[in-house]
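Each chain, letter by letter, is given below.
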Amino acid sequence: MLTAQIIVTLAGLGLIVLIAWFFWFSEHKATVVGTSSSGVQEAFIKVKGGYSPDVIVVEAGKPVRLNFNREETAVCSEQVLFPDFDKQAILTPFKTVTLEITPDKPGEYGFQCGMGMLHGKLIVR
Amino acid sequence: MPKDPLCGMAVDESTEFHSERDGEKFYFCSPACKSKFDESPDKYAGAVPGNGATSTSHRDGTQNLKLSIIGMDCVTCAVSIEKQLGAMDGVKKINVNLTTENAFVEYDPAKVNGKQIADSIGAAGYRVGKATLNLGIGGMYCGSCVTKIEEGLARTPGVLSASVDLASESAVIDYVPATVQMKGIKEVIEKLGYRVFDSAPPRDGVDRPGEMDEAQKARLEEYRTLMRKFIFAASVGAPIIIFSYAKLLGLPADFYEGTETARYIGIAMGLLTLPVMFWSGSQFFTGAWAALKSRSANMHTLISTGISAAWIYSTIAVLFPQIFPKQALAGQFYDTVTVVVALVVLGMALEIRAKGKSSEAIKKLIGLQPKTARVVRDGKEIDIPVEEVVLDEIVVVRPGEKVSVDGVLVEGSSSLDESMITGESIPVEKQAGDEVIGGTINKTGSFKFKATKVGKDTALAQIIEMVQQAQSSKAPIQRVVDKVAGYFSPAVMIIAVLAFIIWFDFGPQPALIYALIVFVTTMVIACPCALGIATPISLMVGVGKGAENGILIKSGQALEMAQKINSIVLDKTGTITVGKPSLTDVVASNGMSENDILHFAASVEKGSEHPLGEAIIRDATERGIPVTDSSKFNAIPGHGVEAVVDGQTVLLGNSRLMKDRHVELANVQEKSNDLAANGKTPMFVAVDGKVAGIVAVADTVKEDSKEAILHLKSMGLEVVMLTGDNRGTAEAIARQVGIDRVLAEVLPEEKAFNVQKLQQEGKKIAMVGDGINDAPALAQADIGLAIGTGTDVAIEASDITLINGSLKGVVSAVELSRATMKNIRQNLFGAFFYNALGIPIAAGLLYPFFGVLLSPMIAGAAMAFSSVTVVTNANRLRRFVPGKEH
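Residues numbered from 1 in each chain as written. Chains lettered and ligands numbered in written order. Predicted model: local features only at pLDDT ≥ 70, side-chain atom pairs only at ≥ 80, totals over all residues. Heavy atoms only, no water.

A. Region of the structure containing the overall build of chain A. Scanning chain A from N- to C-terminus turns up 1 helix and 10 strands. Starting at the N terminus and ending at the C terminus, chain A contains elements arranged as α-β-β-β-β-β-β-β-β-β-β. Of all 125 residues assigned to chain A, the portion counted as buried reaches 51%. Residue pairs at least 24 apart in sequence account for 53% of intrachain contacts in chain A once pairs closer than 6 positions are excluded. For chain A, the computed accessible surface area is about 5800 Å², with 60% contributed by carbon and sulfur atoms. (Helix = DSSP H or I, 4+ residues; strand = E, 2+ residues; numbered from the N terminus. Buried < 20%, exposed > 50% of the residue type's maximum accessible area, 1.4 Å probe, protein only. Contact = heavy atoms within 4.5 Å. Areas by Shrake-Rupley, 256 points an atom, 1.4 Å probe, with all protein chains shown as cover.)

Dropping the structure here:
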């Protein structure tokens with residue numbers, strides 16, 4: 001085997017390990033949402049090719065107000081779905097659209113765009 | 001801590017944003033609030049929270065509330081409301097007036113609010129005559145403005161609840177029209193320093209037309225942008241392709257790869273490709289970056305990596321051809337970059353077009369909502385926004401107009417086109433006492449109706465909400481797809497890298513070029529989009545199609561379940577039958593005519609309120625037989641009734657009554673037995689001690705029940721009848737409609753248990769009932785279908801509601817479920833198959849055997865059109881017609 005081939009093979013395998021680790025095994029950064037004086041847990045989520053923050057930690061039993069601001073016109077993110085709550089919203093570009101949910105049970109609830117391309121998670125503690 | 005006079009937010013005194021006015025210091029949360037204040041301080045200086053409301057509260061802080069109450073018909077009602085409210089903490093004094101149907105409540109706003117009082121009255125079983133108002137509010141800057149307005153409104157007498165939304169700049173306010181008017185509410189908000197607009201773009205599923213329009217506009221704009229991006233990429237792509245295939249196209253040898261001219265052209269192409277990548281393909285990079293930040297990968301990641309790799313390699317090859325050991329390696333792939341970008345962008349644009357059609361059903365429903373209503377107020381007919389129609393208000397509808405809200409017809413008659421709600425295409429005749437549904441169209445006459453459901457409670461509003469909910473739910477099949485989708489894109493990247501290594505190590509020469517081609521092709525051909533969109537897009541079309549046909553499907557799960565059932569349990573009363581007794585037979589004897597018998601029977605029953613009696617009177621009236629007043633009316637429980645009609649003593653009742661009164665039945669007894677055997681209830685009529693005939697009453701089978709049941713059977717479903725009636729009646733009905741299996745004499749509380757027993761036979765059961773008496777059985781069944789009655793559409797226990805009371809809806813629901821699931825399976829199969837086939841081919845699996853290698857440009861085309869195909873396939877469901885097998 002040539003040196004070049006050995007280098008490419010090793011680098012490639014290293015890259016594969018990196019991809020697997022980065023997308024599947026690394027820790028996602030979670031954003032813990034505070035409670036306002038009115039008892040509402042309010043989060044602001046930027047929607048642009050994805051949700052940021054995409055992991056949102058809230059407390060159970062208190063209302064959660066999620067403000068989505070879609071900063072793009074790409075149709076992908078037009079709709080946001082919370083299938084576990086049967087809730088959805090049409091996000092108007094460059095406007096904040098609010099969705100309210102009160103999760104009762106602790107657990108992890110995914111949210112996503114209408115096509116399932118963009119994902120986020122609501123962790124209820 | 002001081003408060004910001006604009007938004008009411010608590011601000012620290014150390015803030016840099018402050019102003020002075022008339023010796024008083026004001027502090028602000030932000031420079032925006034401060035500059036607004038400085039512009040017109042008079043407007044805000046006095047408007048600190050609290051002064052705004054036109055409060056009529058007492059000096060000791062108590063507040064008065066006048067509520068109009070609906071549904072009080074006896075003195076005990078007033079007492080029970082007073083008791084209910086009296087038990088509430090903070091309520092000081094209550095006076096419920098039965099005649100004016102008003103409740104006057106004096107309460108301590110610190111302990112209890114108007115909404116709680118209204119809710120408590122609701123809990124006692126009465127309705128509060130409230131109105132809902134949607135207002136647009138301008139001038140809100142921050143979250144605390146919301147609180148400020150909500151608090152200000154909550155303090156306003158007559159306002160039951162207020163919810164302000166910063167995002168849509170609107171407020172939804174429940175109020176008691178008797179206490180406060182729209183004008184008063186507006187004044188409160190204006191005094192707090194905000195602007196008010198009529199009829200806001202209301203929020204929340206139900207009333208989202210405004211946002212829907214905006215989203216649609218944005219979608220159209222996006223489509224146009226994508227098309228422009230495509231045209232640009234395509235026009236740049238054309239010359240690039242020409243020069244890339246110079247040899248093939250027979251251009252002069254000067255342009256061949258490796259020449260100096262070609263190198264300069266290459267540099268020019270590299271520069272030209274830049275705007276294609278970063279403008280036409282900008283969404284790939286922004287999308288990939290955003291996904292990367294959340295440690296996920298998607299289509300954008302794959303495409304952007306693929307085209308970047310191709311561009312970088314080409315640029316190195318063009319700029320520094322000398323670093324490549326062989327000339328053959330110094331090729332360029334700018335054509336790949338532009339063509340892939342152009343095709344994928346075109347695919348995205350076409351997909352937007354197709355998706356617009358997929359959501360047409362819900363748009364149509366939203367469009368059905370009327371905007372105005374003509375109501376009678378103070379004896380005058382006035383046009384008002386539909387949001388302001390109050391319960392029990394009289395609404396006028398002229399021919400050709402839309403019915404504004406749900407109600408009961410009180411004056412006039414007409415025929416109404418209800419097809420948009422029930423799916424029934426034949427117009428329905430309506431008379432006084434009949435229900436009318438908001439959103440339907442009045443065809444012929446004018447009429448007046450009393451509003452019974454307004455705002456969010458109307459059938460149409462609930463239908464829209466249910467459809468939107470169902471469209472946002474997940475079919476169980478989707479959960480599997482989601483799992484796959486999570487691993488998909490990174491897995492493709494790994495496969496692409498692996499393919500690169502293998503081709504580089506073992507592939508033919510020039511290995512680097514081949515390795516690069518398979519890497520780019522693999523990245524480009526994979527289409528996570530098609531996979532992700534396969535289920536939701538069909539679900540959206542399917543649920544929408546259901547709503548168009550009067551079938552409301554609650555969730556994706558219900559839709560998926562409906563096609564798995566193999567046995568349908570039908571409740572008898574109200575489901576197979578009309579649910580109301582009607583006159584079926586009249587037998588005359590002793591020289592009387594049928595009309596005479598009916599005349600006597602109806603006249604006797606005139607004093608009674610028994611449903612059987614009502615059926616007789618209804619029939620007599622329809623036949624034009626006079627019904628006279630009777631005297632000495634006497635009801636004999638369990639036997640029948642007697643009264644004097646036209647001076648003659650008439651008995652109407654069962655054989656026991658006749659026996660007690662020594663009436664000889666000999667000549668009609670046999671006929672009566674026949675009728676009973678056919679599931680009818682015979683009643684003897686005796687005049688002056690002699691039997692005159694028989695009237696038979698029965699719950700009749702709905703017109704199309706038989707046809708529907710036949711259809712269900714032909715679909716391979718077992719049909720079972722479940723009823724509390726006695727076996728004789730049940731079997732008679734079963735014979736009429738062609739049901740073989742009858743579970744009769746089942747107590748209401750045992751219905752669920754019987755469903756469970758059927759499930760233990762290993763069957764998937766669909767239960768069809770009215771949703772009220774059958775609720776436990778509906779919930780027990782694998783899928784519960786409720787037969788709707790008029791405007792009651794959101795039936796809790798059911799998974800599917802059939803608005804149009806016909807059993808044919810069951811057939812359509814099963815058919816629609818089958819069609820939708822078939823469509824979903826086609827989509828999923830297509831998407832999986834495409835990827836499972838495309839990725840290995842792209843990675844070069846066919847090369848060792850057939851010497852075939854896919855061009856990345858073909859991969860781009862395939863990828864672009866795979867998701868368009870999925871959407872187009874889902875749109876085929878729009879052609880679904882109930883009653884036609886698909």
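B. Seen up close, the interface of chain B and chain A. Contacts between the two partners involve 48 residues from chain B and, on the opposite side, 46 residues from chain A. Summed over both sides, the interface of chain B with chain A buries roughly 4400 Å², with 63% coming from carbon and sulfur. The tally of links between chain B and chain A comes to 0 salt bridges. Counting residues per element, the ones that place at least two in the side of chain B that touches chain A are helix 7 (209-244), helix 9 (282-293), helix 11 (334-358), helix 14 (459-472), helix 15 (476-506) and helix 17 (528-548) of chain B. (Buried area = accessible area lost by both parts, 1.4 Å probe. Salt bridge = Lys/Arg side-chain N within 4 Å of Asp/Glu carboxyl O.)

C. Up close: unusual backbone geometry. All names here are of chain B. With a phi close to 50°, D378 is a non-glycine residue in the positive phi region. With respect to the element layout, D378 can be found in the loop between strand 11 (372-377) and strand 12 (380-385). For D378, a relative accessible area of 78% gives the class exposed.

D. Region of the structure containing the side chain of D335(B). On the secondary structure map, D335(B) appears in helix 11. Setting aside anything within four residues of it in sequence, one finds D335(B) in contact with I240(B), I241(B), S244(B), Y245(B) and M857(B).

E. Quick peek at the side chain of S304(B). Residue and element names in this part refer to chain B. Relative to the assigned elements, S304 resides in helix 10 (residues 299-319). Among the polar contacts listed, one links the side chain of S304 to the backbone oxygen of H300, at a separation of 2.7 Å. Leave out the neighbours within four places in its chain, and S304 touches F284, F285 and A288. (Polar contact = N/O pair within 3.5 Å; in protein donor to acceptor, adjacent residues only side chain to side chain.)

F. Examining the sheet that holds strand 5 (residues 64-70) of chain A more closely. With mixed pairing, the 4 strands of this open sheet are ordered in space as 3-2-5-8 (chain A). On the outer flanks of this sheet lie strand 3 (51-52) and strand 8 (96-101) of chain A, each paired with one strand and no other. (Pairing = 2+ DSSP bridges.)

G. Summary view of the pattern of salt bridges. Residues and elements named next belong to chain B. Tallied over the entire structure, the rule returns 27 salt bridges over all chains. In this structure, E221 and R228 form a salt bridge, with 3.8 Å as the shortest nitrogen-oxygen distance. For R228, a relative accessible area of 44% gives the class partly exposed. With its nearest N and O atoms 3.1 Å apart, the salt bridge here joins E548 to K545. Pair noted here: E548 and K545 are both in helix 17, with a separation of 3 residues, about one helical turn. It is possible to trace a salt-bridge network through shared partners that takes in E718, R741, E761 and K763.

H. Region of interest: a nonpolar patch on the surface. On the surface, I241(B), I242(B), Y245(B), L248(B) and L249(B) cluster together into a nonpolar patch covering about 470 Å² of accessible area. For L248(B), the location among the structural elements is in the loop between helix 7 and helix 8 (260-280). (Patch = residues over 30% accessible without salt bridge, like charges linked within 9 Å, V, L, I, M, F, W, Y side chains within 5 Å.)

I. Structural context of the packing of helix 24 (residues 705-714) of chain B against helix 28 (residues 808-842) of chain B. Residue and element names in this part refer to chain B. At a minimum axis distance of 8 Å, the contact between helix 24 and helix 28 shows a crossing angle of 30°. Between helix 24 and helix 28, the angle falls in the class roughly parallel. For the pair helix 24 and helix 28, contact is made by E707, A708, H711 and L712 and by K808, V810, V811 and E815, respectively. Of the residues in the contact of helix 24 with helix 28, the class split is 4 nonpolar, 1 polar and 3 charged. (Axes fitted to C-alpha atoms, helices over the stretch in contact; angles between N-to-C directions. Parallel < 35°, antiparallel > 145°, perpendicular 65-115°, else oblique. Nonpolar A, V, L, I, M, F, W, Y, C, P; charged D, E, K, R; others polar.)

J. Main features of the sheet that holds strand 16 (residues 428-430) of chain B. Residues and elements named next belong to chain B. Taken in spatial order, the 3 strands line up as 16-15-18 in an open sheet, and their pairing is antiparallel. Since the sheet does not close on itself, it has two edges, and those belong to strand 16 and strand 18 (441-442), each with one partner. Bridge count for strand 15 (residues 414-417) against strand 18 is 2 bridges, and the pairing is antiparallel. The residue bridging D417 from the neighbouring strand is I441, located in strand 18.

K. Region of the structure containing the packing of aromatic side chains. Enumeration over the complete set of coordinates arrives at 20 aromatic pairs over all chains. An aromatic cluster of three or more residues is present, and its members are Y51(A), F68(A), F82(A), F85(A), Y109(A) and F111(A). (Phe/Tyr/Trp six-rings, centres within 6.5 Å; stacked < 30°, edge-to-face > 60°.)

L. Broad picture of helix 9 of chain B. Residue and element names in this part refer to chain B. Between its terminal C-alpha atoms helix 9 stretches 17 Å, which fits the 16 Å expected from 12 residues at 1.5 Å a residue. Within the sequence span of helix 9, burial applies to Q283, F284, G287, A288, A290 and A291. Projection of helix 9 onto a plane perpendicular to its axis shows the buried side chains occupying an angular sector of 165°, all on one side. Note on helix 9: the residue one or two positions beyond its end, R295, has a positive phi of about 55°. (Expected span 1.5 Å × (residues − 1). Arc of directions from axis to C-beta.)

M. Representation of the packing of helix 10 of chain B against helix 15 of chain B. All names here are of chain B. Two elements in contact, helix 10 and helix 15, have axes whose closest approach is 9 Å; the angle formed by their N-to-C orientations is 20°. By the angle between their axes, helix 10 is roughly parallel relative to helix 15. Taking contact as the criterion, the partners of M299, T301 and L302 in helix 10 are, on helix 15, S489, V492 and M493. Residues belonging to the contact of helix 10 with helix 15 are distributed by class as follows: 4 nonpolar, 2 polar and no charged.

N. Up close: the environment of D740(B). Residue and element names in this part refer to chain B. Following the sequence through the fold, D740 ends up in the loop between helix 25 (727-737) and strand 29 (741-743). Looking at D740, the relative accessible area reads 66%, which means it is exposed. A C-alpha to C-alpha distance of 8.4 Å links D740 and M721, two positions 19 residues apart in sequence. Polar contacts involving the side chain of D740 include one to the side chain of K713, which spans 3.3 Å.

O. Region of interest: the nonpolar core. By size, the foremost hydrophobic cluster in this structure holds 173 residues, and its most contacted members are F68(A), I568(B) and I800(B). Those residues in contact with I800(B) that sit more than four places away from it in its chain are I551(B), L552(B), I553(B), A558(B), A562(B), I783(B), G784(B), L785(B), A786(B) and A813(B). Within the second largest apolar cluster, 24 residues are counted, among which are I616(B), V645(B), V687(B) and A692(B). (Core = buried A, V, L, I, M, F, W, Y, C linked by side-chain atoms within 4.5 Å.)

P. Layout of the environment of R374(B). Residues and elements named next belong to chain B. Checked against the element boundaries, R374 lands in strand 11. Its relative accessible area of 15% is what places R374 among the buried residues. The spacing of R374 and V389 is 15 residues in sequence and 9.0 Å in space, taken between C-alpha atoms. Look past the residues within four positions of R374 in its chain and what remains in contact with it is E381, I382, D383, I394, V395, V396, R398 and E401. For R374, the side chain forms a polar contact with the side chain of D383, separated by 3.3 Å. A distance of 3.1 Å separates polar atoms of two side chains, one belonging to R374 and the other to E401.

Q. Seen up close, the pairing of strand 31 (residues 783-787) of chain B. Residues and elements named next belong to chain B. Along strand 31, 5 of the 5 residues are buried, which leaves the element largely enclosed by surrounding structure. Examined bridge by bridge, strand 30 (residues 765-769) and strand 31 share 4 bridges and lie parallel to one another. Counterpart to G769 in the pairing with strand 31 is A786. Sheet topology note: the strand 31/strand 32 (residues 800-802) ladder contains 3 bridges and is parallel.

R. Broad picture of helix 26 (residues 751-760) of chain B. Residue and element names in this part refer to chain B. Looking only at helix 26, the buried set comprises K751, A752, N754, V755, L758 and Q759. All buried residues of helix 26 lie within an arc of 160° about the axis, which places them on one face of the element. Elements in contact with the buried residues of helix 26: strand 21 (567-571), strand 28 (718-722), strand 29, strand 30 and helix 27 (775-780). Backbone geometry just downstream of helix 26 places G762 in the positive-phi region, at approximately 85°.

Don't take any of this as a statement about function, it's just geometry.
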